[in-house]
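Working through the structure, step by step
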Amino acid sequence: MSSDSTKQVLRKLEFPLCVKEALSRIEQLCVANIIQNVERIQTIKQTDLAMELITEFVFCEVDRRSMKKKKLNHIQEMQLLEVLSDYFAYNHNTTLGGDAARNTVFMSLFPHTYVERCQLLVKLVSIAVCTNNIPLLSATGVLMQQIGCTSKFSIELAKGLINDYFTLLPESSIKLHDLPSKAPLFTANFLTALAEIYFTAGTEDNPLIPSNSLLNIITEWVSENNSLCYAALTSNLLHSLPMGGIPMPAITPFVGLFKWCVLAPLYIDEDNVNYAKLHLSALESLLDSQIYCPSASQRNVVSAQQLTFLVTVCHEKIEKILKGVEIDVENLFPYVQLALERLAQFVQVALHTNSIYGSKQEFFNRLRNLPKIRLLRITMSRHKEII
Amino acid sequence: MEVTTVCSDSQDLLSELRTFIAGAARLTETNHINLVKIAVSLLKTLPAAREAILEYFGSVFHHYVTRYLSLLEDGRLTIATSSESDVLVEEEIPLIEIQDVLCSFVKNNSEAWAPIVSTWSLELLGDISSRYGSHAQVGTTLNERLQLWIVCSATRTLLDINTQCMSRLMYSNTDSCINALLDMSILHNPHFDWVIVHVGSSFPETVINKVLTCGIKDFCSSEQNTKNPKLNSVVGILGHLANTHFTEIKNALVNLFQWSLEETVNDKNISMQKIATVPYLLHLASLSPVLLRALSVDTLQSLNMNVLMRLSKLATDWWCYFSSGRQGLLDLVVHLLLRLENGIYHILTMLFETASLTNPELLSVSLTAQEIIELLASEMDLLLRITDSTPPLIRSFYTQMPSLKRLLLSENPLKSNYSTRLFTVLGKYNSQLLSSCVAYLLNRATTNIQIEKMVEITRSLNDIKFFSYAFSLALQYDSIENIIFCEDTNWALVLWKNIQILLQYENRYSTTARPVFYGLIDNLGHIFESLKQHHGDIIISRIIASVIHEILIEIHRPLSVEETLVLTEATVLYFYSCIICDQDNTNQLKDCQLANNLLIKICLLSNVARNQACRLLVEIALYPPVSPIFGAIIKPDIDCIYPSEVSLLKENIKQGNNLMVAQSAMSVFHTGIIGNGLQEIIIKSNLSIEKIKQNTQYFMNALRSCCLLDTINILLDAVTNLALLLVQLISPDVMFNGLPWPEEDFCKVTVERDLCIRKSFDNTPLLWTLLKFVAIHRPALCYCSVLLRAITASLIAQWNSTSQGRSLKQNVQLVETSVLLLEILSLGQLLPPPLSGIRDAIPFLLPQHVLLIFRECVWNYMRDHVPSPALFTKDANGVMWRDSTLSKPTKQYTETLRIVMLSNIDKLGDLYNQLFTFVNTDTD
């Protein structure tokens with residue numbers, strides 16, 4: 001079918017219906033790309049058509065003359081979202097491309113270059129979480145990993161979800177409880193994005209701090225699902241990607257979560273047990289790295305670069321606190337002591353399980369600058385040979 | 001197909017969502033009651049759907065508003081009736097549900113929900129207000145709109161929701177709130193005003209402050225553009241709020257102004273805003289009278305020289321905020337000033353103060369102030385000329401008059417120039433105002449500058465009424481002032497000096513119209529009163545008297561009796577104060593001369609005045625406390641020296657029914673009280689004889705002035721009156737006061753009275769002078785017959801006792817008195833020659849001879865020839881004479897004298913020759 005006739009047919013349909021129809025056309029185009037080994041030019045042509053269909057008939061961003069149209073109102077948006085979630089929940093067949101086709105369509109719908117669609121994606125994922133739309137969540141997980149969990153796109157998505165489930169309706173966060181078991185990859189990537197947001201965004205002295213309900217749920221996730229943090233590492237995306245897609249290297253949430261635990265005492269006055277719990281679960285999870293990633297080459301759990309950054313941030317903050325105060329290393333402020341101990345524990349476990357990847361030299365250099373508390377000294381002497 | 005693991009819970013959710021979407025997408029066939037229920041439950045469970053749900057809620061509200069308006073249109077509902085609730089209550093459940101759910105969100109999680117709900121409700125309200133703004137049922141005035149929408153349940157609910165949000169946000173996120181409000185106000189102007197009024201009155205302080213701040217931020221960024229919609233909306237909002245929250249607005253304005261004066265931190269935006277504050281406030285004030293009023297209360301009061309100096313440095317930066325730069329700024333300031341209702345005094349003081357700065361560094365500042373004053377003056381002039389209405393500034397000018405007048409007294413010539421300028425401009429249209437200014441200055445101007453201003457102001461008007469009013473005010477003020485601050489009589493002195501200056505100025509420079517003069521004439525009563533009032537102060541009274549004198553010279557109308565009486569009394573009092581108070585002889589002479597001149601004028605004007613003047617002059621002169629200055633001796637009241645504890649009542653009872661018969665043993669001669677010794681003369685004038693003579697001379701001059709017919713001739717009637725007056729005053733007895741002299745024996749009956757009269761003469765030498773004066777002007781002395789008789793009788797009695805006495809020595813005093821009496825009788829031609837020569841003989845005669853002469857020649861002659869005016873005839877010159885040829889005494893009366901003289905011819909040869917040789921030849 002030619003591209004024009006497809007459009008003619010679709011134009012005869014009313015708004016929500018045209019979306020539905022367009023989606024199936026788009027899927028057909030994608031599946032065709034995956035299965036038939038068609039010529040490259042053909043592929044590009046079909047991809048272009050799919051993109052055109054998406055702009056005109058799915059998101060209704062332009063009219064038939066490719067002129068910009070008035071934005072959908074919120075109720076129309078809702079109708080669109082309904083169609084989309086329905087489509088991902090029920091409308092993918094395993095025979096034709098399976099996950100790969102679904103993910104291809106999904107990625108075509110929400111390419112990371114289209115920031116405007118991000119808001120719609122947030123809503124879509126938010127609805128999916130509520131309505132247990134697992135396929136859609138999995139597709140989102142893949143998307144996040146492919147464009148990077150710490151990319152702006154993913155972070156916007158994470159922020160949107162946090163806003164929905166923790167800021168606006170804190171009581172509905174219970175719904176997220178069994179998310180790791182349902183959509184582990186999505187949860188893991190969501191976690192990585194989340195961990196990136198807090199204690200980084202905001203001003204230097206007043207960083208964004210996670211709410212208690214968020215902390216609780218994350219602690220639950222990590223402690224009850226030991227494999228969760230490794231989900232991105234362990235899942236094999238090769239067959240879920242569009243034709244010719246290369247799986248992106250996965251990032252685990254470990255450094256981000258430990259960052260929370262290490263920095264929290266330095267920023268938060270009151271003693272918050274939640275961080276201790278989170279720290280413990282994260283440590284336990286990290287101890288199991290050899291179980292989930294048996295081969296040492298695969299064990300890219302903790303990036304040395306990220307770790308170096310964490311140590312630097314931590315060091316700067318401590319220096320700021322200790323500025324002008326003459327204090328013995330053995331007799332530091334308890335909260336500084338706590339932060340350093342948590343950092344040392346993390347480093348100790350990471351070194352012990354051999355989970356750090358990348359060039360460690362800079363990391364060790366930074367580590368030496370920190371006030372040398374006892375645990376840190378022990379850790380460094382234990383791993384002298386590496387250092 | 002893969003089996004999807006969907007639990008029933010999420011299945012329900014999904015179906016709810018589908019129902020909602022289906023319903024919301026096709027509004028026309030929707031049952032709102034059910035759909036709202038679903039939407040509410042979705043809102044609680046499906047956060048991603050909130051925007052769609054709120055949008056749907058919006059359409060629900062629209063639905064209810066349309067319904068409400070159509071009900072109104074059909075007449076099934078009126079705004080006034082309360083039946084609305086009955087009609088709609090069933091169907092309003094959705095509204096209530098929506099309100100409940102939103103409010104509970106805002107309440108429980110305000111930080112997250114309040115901004116969302118608040119923006120939504122404001123936008124919706126704006127949308128509704130402007131969409132139905134032109135609907136027939138919606139009124140045009142703000143109040144109508146407010147009423148209409150408050151009654152409408154949908155909008156009311158929205159407002160409630162919004163208020164709930166605002167109250168949560170007010171302390172955390174005010175700026176965004178107010179900005180949303182302002183933006184909506186601009187977008188939906190003027191339909192949105194009622195919302196602002198409502199919100200504003202719920203949070204007046206915050207809204208007002210924030211509206212002002214937002215306004216200034218906007219103003220700053222859009223300089224020059226006074227048609228700025230945001231500024232107008234700020235004014236609109238504040239204007240609406242001003243009715244109920246004037247104080248808050250007032251305070252907010254002061255705070256803003258104070259804030260702009262604070263030291264700037266290194267923030268370019270903020271310092272820009274601070275600079276723009278004053279132009280901003282000015283623009284606000286120019287757009288709204290209410291704000292102007294609010295500004296004028298406290299903000300203006302907070303201006304002082306320091307603040308002004310600081311502001312002056314910013315002024316150049318302000319020009320860019322006005323369409324025509326500096327001139328625009330000045331024009332605006334002047335127009336605002338004209339509309340000012342309060343604080344005019346403060347403003348004018350500041351302006352004058354600034355305008356008269358002499359510091360060369362501040363030259364431009366003072367020049368600007370001068371320019372403003374000049375602009376203000378000409379603008380006032382123009383306004384008053386072309387319109388009937390008085391601008392508020394001028395009204396407040398009138399009300400603030402008492403304090404504003406103070407400015408006129410300024411010692412700084414520039415300052416007083418400015419105030420004079422303003423006052424004269426106003427005075428052109430309100431002479432009363434100017435009159436009161438002149439009155440004020442009259443009472444207070446002491447320095448040359450002040451007097452100059454006074455003259456300048458008076459020169460600007462030539463209206464008699466104006467002066468008359470001014471003088472009456474000034475004079476009244478003088479008397480009031482005197483009552484309140486008795487110790488300070490300076491006012492009066494200043495006032496009269498100034499009046500004199502004005503009068504002199506007028507006499508010198510203006511020939512035709514004489515407003516000052518006629519103004520004074522209108523106030524003669526007051527003027528006379530004040531002469532009377534100030535007679536104790538010679539300096540003031542001198543000035544007043546001379547002013548009065550000048551007036552009287554040219555007065556063109558008769559004085560009323562009342563005025564005359566007051567003037568007479570005042571003049572007499574003035575005369576006495578001249579004699580008593582003046583120490584300097586030349587001045588005294590001048591003053592007395594002035595008093596005399598006044599008396600002449602007064603007496604010539606009216607007989608009433610003449611009588612009154614004479615009486616007052618004489619009465620005062622004869623009795624204490626004045627009499628000693630004419631040499632009178634005062635015998636203090638016995639009761640004062642020896643306070644008696646005897647009751648008069650008891651004494652009277654003692655007397656019983658006994659008749660007081662003259663000459664009886666009961667007659668008491670008051671020579672003292674037994675046991676107390678002789679009565680002492682306690683008080684004696686300590687003045688020198690020369691002084692007494694001089695005083696007497698002055699007195700006589702004054703009296704003479706009162707009796708003048710014209711400048712030279714004496715009016716005999718006046719002297720006659722004087723004679724009668726003397727009788728009245730001196731003779732205590734009304735009986736036997738007739739002209740005829742009785743038999744000498746009859747004197748025994750009147751002896752007590754005679755002695756009393758004699759005593760008066762002895763104690764009061766002035767009486768002799770008066771009697772002489774009367775005698776000269778014949779035939780007035782006839783009326784004093786009783787006095788002469790009494791003295792003669794007492795003298796005869798005294799000579800009698802002397803002649804029988806042990807000592808033959810001449811009693812000097814007796815002789816003096818006798819000579820005095822005889823001299824008067826001769827002067828008055830009561831004793832014709834040769835009897836008139838007796839007085840020359842007396843000093844050389846023995847007492848018994850004197851007694852004989854008194855009895856035979858004087859008494860008997862007088863007894864037989866009644867001293868009556870009929871004896872006198874008028875000659876060609878109009879002088880009264882007694883024809884000596886007709887009244888020549890017969891031998892019966894002269895023989896005794898002749899014989900006595902003959903027996904003393906050695907001493908009285910010449911006299912005898914004079915008196916009798918001619919007579920003899922004549923008779924023989």
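Source: prediction; values computed, not measured. (Residues numbered from 1 in each chain as written. Chains lettered and ligands numbered in written order. Predicted model: local features only at pLDDT ≥ 70, side-chain atom pairs only at ≥ 80, totals over all residues. Heavy atoms only, no water.)

1. Observations concerning helix α10 (residues 193-202) of chain B
Where burial is concerned, most of α10(B) is hidden: 7 out of the 10 residues are buried. Asp193(B), Trp194(B), Val195(B), Ile196(B), Val197(B), Val199(B) and Gly200(B) are the residues of α10(B) that are buried. (Buried < 20%, exposed > 50% of the residue type's maximum accessible area, 1.4 Å probe, protein only. Helix = DSSP H or I, 4+ residues; strand = E, 2+ residues; numbered from the N terminus.)

2. Some thoughts on the interface of chain B and chain A
At the junction of the two partners, chain B supplies 32 residues and chain A supplies 26 residues. Across the chain B to chain A interface the summed buried area is about 2600 Å²; carbon plus sulfur atoms make up 63%. If you sort the residues of chain B by the area they bury against chain A, Ile21(B), Ala48(B) and Glu55(B) come out on top, with a joint share of 20%. On inspection of chain B and its partner chain A, the count reaches 4 salt bridges. (Contact = heavy atoms within 4.5 Å. Buried area = accessible area lost by both parts, 1.4 Å probe. Salt bridge = Lys/Arg side-chain N within 4 Å of Asp/Glu carboxyl O.)

3. Some remarks on the layout of surface pockets
Residues and elements named next belong to chain B. In this structure, the second largest pocket occupies an estimated 1000 Å³ of space. Put simply, the parts of the chain that give the lining of the second largest pocket at least two residues each are α14 (268-287), α15 (289-299), α16 (305-318), α17 (325-338), α18 (344-355) and α19 (363-386). For the lining of the second largest pocket, a count of residues per class yields 26 nonpolar, 7 polar and 3 charged. (1 Å grid on protein atoms, 1.4 Å probe; cavity = no way out; pocket = protein on both sides within 12 Å on 5 of 7 lines; lining within 4 Å. Points joined across faces, edges and corners; volume = space filled by probe spheres on them. Nonpolar A, V, L, I, M, F, W, Y, C, P; charged D, E, K, R; others polar.)

4. Some words on the packing of aromatic side chains
Tallied over the full model, the rule gives 28 aromatic pairs over all chains. Judged by centre distance (5.2 Å) and plane angle (85 degrees), the ring pair of Phe88(A) and Phe106(A) falls under edge-to-face. One end of the pair, Phe88(A), is in helix α4 (residues 74-90); the other, Phe106(A), is in helix α5 (residues 99-109), with 18 residues separating them in the sequence. Note on Phe88(A): relative accessible area 0%, which makes it buried. What makes Phe106(A) buried here is its relative accessible area of 0%. Residues Trp741(B) and Trp859(B) carry aromatic rings whose centres are separated by 4.9 Å and whose planes lie at 65 degrees to one another, so their mutual orientation is edge-to-face. Highlighted residues: Trp741(B) in the loop between α36 (716-730) and α37 (747-763) and Trp859(B) in helix α42 (residues 847-864), separated in sequence by 118 residues. Both residues of the pair, Trp741(B) and Trp859(B), count as buried. Among the aromatic residues, ring-to-ring pairing joins Phe59(A), Tyr87(A), Phe88(A), Phe106(A) and Phe110(A) into one connected group. Over the face of the ring belonging to Trp881(B) we find Arg778(B), whose NZ or CZ atom lies 4.5 Å from the ring centre. (Phe/Tyr/Trp six-rings, centres within 6.5 Å; stacked < 30°, edge-to-face > 60°. Lys NZ or Arg CZ within 6 Å of the ring centre and 35° of its normal.)

5. Quick word on the side chain of Gln146(A)
Residue and element names in this part refer to chain A. Here Gln146 is to be found in helix α7 (residues 134-147). In this structure the side chain of Gln146 is engaged in a polar contact, spanning 3.0 Å, whose partner is the backbone oxygen of Ile246. Discounting residues that sit within four places of it in the chain, Gln146 has contacts with Met107, Leu237, Leu241, Ile246, Pro247 and Met248. (Polar contact = N/O pair within 3.5 Å; in protein donor to acceptor, adjacent residues only side chain to side chain.)

6. Re helix α23 (residues 431-444) of chain B
All names here are of chain B. With 14 residues, α23 ought to run about 20 Å at 1.5 Å a step, and its terminal C-alpha atoms sit 20 Å apart, in line with that. Within α23, 12 of the 14 residues are buried, which leaves it mostly tucked inside the rest of the structure. Buried within α23 are the following residues: Leu433, Leu434, Ser435, Ser436, Cys437, Val438, Ala439, Tyr440, Leu441, Leu442, Asn443 and Arg444. (Expected span 1.5 Å × (residues − 1).)

7. Regarding the nonpolar core
Generally speaking, nonpolar side chains in soluble globular proteins are found buried as a group. Residues Val58(A), Phe110(A), Ile218(A), Phe20(B), Phe57(B), Phe699(B) and Leu770(B) are the most contacted members of the largest nonpolar core, which totals 424 residues. The element contributing the most residues to this core is helix α3 (residues 50-74) of chain B, with 12 residues. Discounting residues that sit within four places of it in the chain, Phe110(A) has contacts with Phe59(A), Leu84(A), Arg117(A), Leu120(A), Leu121(A), Leu124(A), Leu143(A) and Phe153(A). (Core = buried A, V, L, I, M, F, W, Y, C linked by side-chain atoms within 4.5 Å.)

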